[in-house]
Amino acid sequence: MVGVNVPGIIVTVALVGPVHAGWTLLAIVLQEAGRLVLATGFGGEISEMWVGGFFSLAEATGARPLMIAMAGPLWSLALATCFGGLDAANAGLLLNPATRHRRPLGVALLKLAVGSMAVALYQVYVR
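Treat the numbers as computed from the prediction; the structure is a model and nothing was measured.

What counts and what doesn't
- The written sequence of each chain sets the order in which its residues are numbered from 1.
- Local features in a predicted model are, by the rule used here, given only for residues with pLDDT of at least 70; side-chain atom pairs are given and counted only at 80 or more, and totals for whole chains, interfaces and linings are based on all residues.
- Side-chain metrics rest on all non-hydrogen atoms present in the structure, leaving aside hydrogens and water.
- Counting from the N terminus, the helices are DSSP H or I runs at least four residues long and the strands are E runs at least two residues long.
- For this measure, only C-alpha atoms enter the radius of gyration; the expected value for a globule follows 2.2 Å times N^0.38, where N is the number of residues.
- Buried, partly exposed and exposed residues are distinguished by accessible area as a fraction of the type maximum, computed with a 1.4 Å probe on protein chains only: under 20%, between the cut-offs, and over 50%, respectively.
- We call two residues in contact when some of their heavy atoms are within 4.5 Å.
- Method for areas: the Shrake-Rupley scheme with a 1.4 Å probe, in which residue coverage is limited to the protein chains shown.
- Between the N-to-C directions of two axes lies an angle of 0 to 180 degrees, each axis being a line fitted to C-alpha atoms and, for a helix, fitted only over the stretch in contact.
- Working rule for angles: under 35 degrees goes down as roughly parallel, over 145 as roughly antiparallel, 65 to 115 as roughly perpendicular, anything else as oblique.
- Crossings are classed by handedness, with left-handed meaning an anticlockwise turn of the near helix from the far one by less than a right angle and right-handed meaning a clockwise turn.
- Only buried residues count toward a nonpolar core, which is a set of Ala, Val, Leu, Ile, Met, Phe, Trp, Tyr and Cys residues joined through side-chain atoms within 4.5 Å.
- Note on aromatic contacts: the rings of Phe and Tyr and the six-membered ring of Trp form a pair at centre separations within 6.5 Å, being stacked when their planes are under 30 degrees apart, edge-to-face when over 60 apart, and tilted otherwise.
- Following DSSP output, two strands are said to pair if at least two bridges run between them.

Enquirer: Would you take a moment to explain the overall build of the protein chain for this structure?
Expert: Within the protein chain, the secondary structure is distributed over 5 helices and 3 strands. For the protein chain, the succession of helices and strands along the chain, N to C, is β-α-α-β-β-α-α-α. Relative to a compact globule of 127 residues, whose C-alpha radius of gyration would be 14 Å, the protein chain shows 14 Å and is just as compact. Each principal axis of the C-alpha distribution contributes one length, and for the protein chain these read about 40 × 30 × 25 Å. Residues counted as buried form 43% of the 127 residues belonging to the protein chain. When contacts within the protein chain are restricted to residue pairs at least 6 apart in sequence, those whose partners lie at least 24 apart make up 63%. A total of about 6,800 Å² of accessible surface is found on the protein chain, and carbon and sulfur atoms cover 69% of it.

Enquirer: Any chance you could explain the packing of helix H3 (residues 65-82) against helix H5 (residues 104-125) here in plain terms?
Expert: Describing two packed helices takes the angle between their axes plus the distance from one axis to the other. Where H3 meets H5, the closest approach of the two axes is 7 Å, and the angle between their N-to-C directions is 165°. Comparing the axis directions of H3 and H5 gives the class roughly antiparallel. Where H3 crosses over H5, the two elements pack in a sense that is left-handed. Residues Pro65, Leu66, Ala69, Met70, Pro73, Leu74, Ser76, Leu77, Leu79 and Ala80 of H3 form the contact with H5, whose participating residues are Gly106, Leu109, Leu110, Leu112, Ala113, Ser116, Met117, Ala120, Leu121, Val124 and Tyr125.

Enquirer: How should I be thinking about the nonpolar core in this particular structure?
Expert: Nonpolar side chains in soluble globular proteins generally cluster together in the buried interior. Counting residues in hydrophobic clusters, the biggest one holds 15 residues, and the most contacted among them are Ile9, Ala27, Ile28, Phe54, Leu109 and Leu112. Those elements giving two or more residues to this core turn out to be helix H1 (6-16), helix H2 (21-41), H3 and H5. Ranked by residues supplied to this core, first place goes to H5 with 6 residues. Beyond its immediate stretch of four places on either side in the chain, isoleucine 28 contacts Ile9, Thr12, Val51, Gly53 and Leu112. Of all hydrophobic cores here, the second largest spans 5 residues; its members include Ala39, Ile46, Met49 and Ile68.

Enquirer: Mind showing me how you'd approach the packing of aromatic side chains here?
Expert: Each aromatic ring pair is described using two quantities: the centre-to-centre distance and the angle formed by the ring planes. Evaluation of the coordinates by the stated rule reveals 1 aromatic pair. Note on phenylalanine 54 and phenylalanine 55: the rings are 6.3 Å apart at their centroids and 80° apart in plane angle, and the pair reads as edge-to-face. With a relative accessible area of 34%, phenylalanine 55 lands in the partly exposed category.

Enquirer: Whenever I open this one, the sheet that holds strand E2 (residues 45-51) confuses me. Can you help?
Expert: Strand pairing in a sheet relies on backbone hydrogen bonds, with the paired strands running either antiparallel or parallel. Taken in spatial order, the 3 strands of this open sheet run E1-E2-E3, and their pairing is mixed. Of all strands in the sheet, those with a lone pairing partner are strand E1 (2-4) and strand E3 (57-61), marking the two edges. Neighbouring strand axes in the sheet, compared pairwise and without regard to direction, differ in orientation by 10° on average. Relative to E2, E1 is paired through 3 bridges, and the arrangement is parallel. Its bridge partner lying in E2, valine 2 is registered against methionine 49.

Bear in mind that shape data such as this cannot, by itself, settle questions of function.
Structure representation (structure tokens):
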């Protein structure tokens, strides 16, 4: 089953940057596709998946929970390096969601990866 967490997507777009909302939505789709492919490639079987930007969730069997939680953010981080997100990154400008970037997809993937890693680690270790 695949579900969509609309409030989570809205919050993610607001935090990543509403000026690049289309690129952020593409980054969310790429992250969840990467989570699905990597989790099933390492022996996991996903039974339920909620697409929600930073707040995405995947229920899987046959794989470690940390691996399932970090597969999407690590994939986004790898794509961010490919699309130049690290080259265009300036620490002060990354924190401002209203800033326009030269490479919006790379920066959106970078911000999404960092935020998703934080939420995934919180879900795995604190809950």
